[in-house]
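Given next are the chains, with one letter for each unit.
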Amino acid sequence: MKFITCALLVLGVLCISNCQDAQLPSYIKPCEYKTSKFESCVREQIVLSLPLFTKGIENLGVPSIDPVKLDDINIDGNGLKLRFTNAELYGVGKSQITDFKVNLDEEKFVLAFKGNMTLSAKYTIDGQILILPIKGQGDAKVKAQNLDVTISSKMTHFKDDKGEHFKLVSPSYNYNIGRTKFEFQNLFNGNKQLSDATHAFANGNWRQIMDDLAPPVVKQIVRTGVRSINKFFAAATIDQLIIGYST
Ligand SMILES: *[C@@H]1O[C@H](CO)[C@@H](O)[C@H](O)[C@H]1NC(C)=O
């Protein structure tokens, strides 16, 4: 008897995780398809859920995108060696959605957001920025104002035993960046005069530095963002997200 109860319990637990639809967070509300308000409904959903979604959804395996944990960044060119480790980027969850389009018939998806983002990392720097020598290691912050990222992707479907799901495939992106401010702690072993002069110069010539630094950072933001969205799509069926949609 004990064994049977136990077996039923185990089956029951397995069933909760496997047999039912995934339990979506309560902030995700479905939108009705084939109505004039469909796109604005989805857009509103994205705006409302962005600050929460970007924290990740643990029970669905959706990773956090605010902060985004970044792989190490190595820049070596134009006479400058710069390395960031333990890098995290903050701010995606507080960004504004500046564009959103979805066309399910044409499998098109476009999402643009704009925000003030801060990269926080350990740095090592050695070489020169344009003409000015720079050297140091310690904690760094890179504050980018109005980083504007547009992601365009093909939006396909796939089917599993739970039903039909969306999937973003071959995303592409472009970006634009506003003013950037660098804060390198402990430049020149903490020599304040040299450090102040170098910061003034680096912040005045931020675009040259960001030409090298922004591409690997934005690439990782997009990659993690798309991975999160696809984790979510893999957990949620289309029926849970859209009312009245049939493939
Ligand atoms: C970023 O910060 C600037 C200056 O504080 C502000 O004017 C701007 O609206 C902010 N941008 C976003 C997208 O929040």
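Keep in mind the model is a prediction, meaning the values are calculated, not measured.

Undergrad: Hey, could you run me through the site of the ligand in this one?
TA: Close to the ligand lie Gln 96, Lys 114, Gly 115, Asn 116, Gln 145 and Asn 146. At a separation of 3.0 Å, a nitrogen atom of the ligand approaches a polar side-chain atom of Asn 146. At the level of secondary structure, the elements contributing two or more residues to the shell around the ligand comprise β6 (108-129) and β7 (132-160). Counting residues per element, the shell around the ligand draws most heavily on β6, which supplies 3 residues.

Undergrad: Just checking my understanding: could you explain the pairing of strand β4 (residues 80-90) for this structure?
TA: Working note: regular strand, side chains alternate between the two faces of the sheet. Note: strand β2 (residues 68-69) against β4, 2 bridges, orientation antiparallel. Paired with Val 68 across the strands is Leu 89, a residue of β4. Of the strand pairs in this sheet, strand β3 (residues 73-77) and β4 are connected by 5 bridges, and their pairing is antiparallel. In the sheet register, Asp 76 faces β4, and the bridge partner there is Lys 81. Joining the antiparallel neighbours β3 and β4 is a turn of 2 residues, in which Asn 78 adopts a positive phi near 50 degrees. With 9 bridges connecting them, β4 and β6 associate as antiparallel partners.

Undergrad: Where do I start with the pattern of salt bridges in this structure?
TA: Two side chains that carry opposite charge are able to pair once their charged atoms sit near each other. Under the counting rule described, the total for this entry stands at 13 salt bridges. The salt bridge partner of Arg 83 is Asp 72, with a shortest N-O separation of 3.4 Å. With Arg 83 in strand β4 and Asp 72 in the loop between β2 and β3, the pair connects residues that are 11 residues apart, well separated along the chain. Here Asp 72 falls in the partly exposed class, since its relative accessible area comes to 40%. Two residues, Asp 126 and Lys 135, come together in a salt bridge whose shortest N-O distance is 3.5 Å.

Undergrad: How should I be thinking about empty space enclosed by the protein in this particular structure?
TA: Unoccupied space between atoms shows up once a probe the size of one water molecule is rolled over them. Inspection of the entire model under this criterion finds 2 cavities of 30 Å³ or more. Considered as a void within the structure, the largest cavity measures approximately 630 Å³ in volume. Taken together, 33 residues line the largest cavity, and the ones lying closest to its centre are Val 42, Ile 46, Ile 229, Phe 232 and Phe 233. The set of elements that each furnish at least two residues to the lining of the largest cavity consists of α2 (38-53), β5 (96-103), β6, β7 and α4 (206-235). Broken down by class, the residue content of the lining of the largest cavity amounts to 28 nonpolar, 4 polar and 1 charged. If you go around the second largest cavity, the residues you meet are Leu 89, Met 117, Leu 119, Val 142, Ala 144, Leu 147, Ile 177, Met 210, Leu 213, Ala 214, Val 217 and Val 218. Only β6, β7 and α4 provide two or more residues apiece to the lining of the second largest cavity. A total of 5 residues in the lining of the second largest cavity trace back to one element, the largest contributor, which is α4.

Undergrad: Sorry, what's going on with helix α3 (residues 192-204) here?
TA: Every α-helical turn comprises 3.6 residues, leaving residues that sit three or four positions apart pointing alike. Its 13 residues place the ends of α3 18 Å apart at the C-alpha level, agreeing with the 18 Å of an ideal helix rising 1.5 Å per residue. Among the residues making up α3, those that are buried are Ser 195, Thr 198, His 199, Ala 202 and Asn 203. Down the axis of α3, the smallest arc covering the buried residues is 125 degrees, so these residues share one side. Turned more than 90 degrees from where α3 packs its buried face, Gln 193, Ala 200 and Gly 204 sit exposed. On its buried face, α3 sits against β6, β7, β9 (180-184) and α4. Capping the start of α3 is the job of one residue whose side-chain oxygen sits 3.1 Å from the backbone nitrogen of Gln 193: Asn 191.

Undergrad: In this structure, what is going on with the nonpolar core? I would like to understand it.
TA: Soluble globular proteins tend to bury their nonpolar side chains together. By size, the foremost hydrophobic cluster in this structure holds 73 residues, and its most contacted members are Phe 84 and Phe 232. In terms of residue count, α4 provides more of this core than any other element does, 14 residues in total. Those residues within four positions of Phe 232 in sequence are excluded, and the remaining contacts are Leu 24, Ile 28, Phe 53, Ile 57, Leu 60, Val 62 and Leu 241.

Analysis parameters
Residues numbered from 1 in each chain as written. Predicted model: local features only at pLDDT ≥ 70, side-chain atom pairs only at ≥ 80, totals over all residues. Heavy atoms only, no water. Near = heavy atom within 4 Å. Polar contact = N/O pair within 3.5 Å; in protein donor to acceptor, adjacent residues only side chain to side chain. Helix = DSSP H or I, 4+ residues; strand = E, 2+ residues; numbered from the N terminus. Pairing = 2+ DSSP bridges. Salt bridge = Lys/Arg side-chain N within 4 Å of Asp/Glu carboxyl O. Buried < 20%, exposed > 50% of the residue type's maximum accessible area, 1.4 Å probe, protein only. 1 Å grid on protein atoms, 1.4 Å probe; cavity = no way out; pocket = protein on both sides within 12 Å on 5 of 7 lines; lining within 4 Å. Points joined across faces, edges and corners; volume = space filled by probe spheres on them. Nonpolar A, V, L, I, M, F, W, Y, C, P; charged D, E, K, R; others polar. Expected span 1.5 Å × (residues − 1). Arc of directions from axis to C-beta. Contact = heavy atoms within 4.5 Å. Core = buried A, V, L, I, M, F, W, Y, C linked by side-chain atoms within 4.5 Å.

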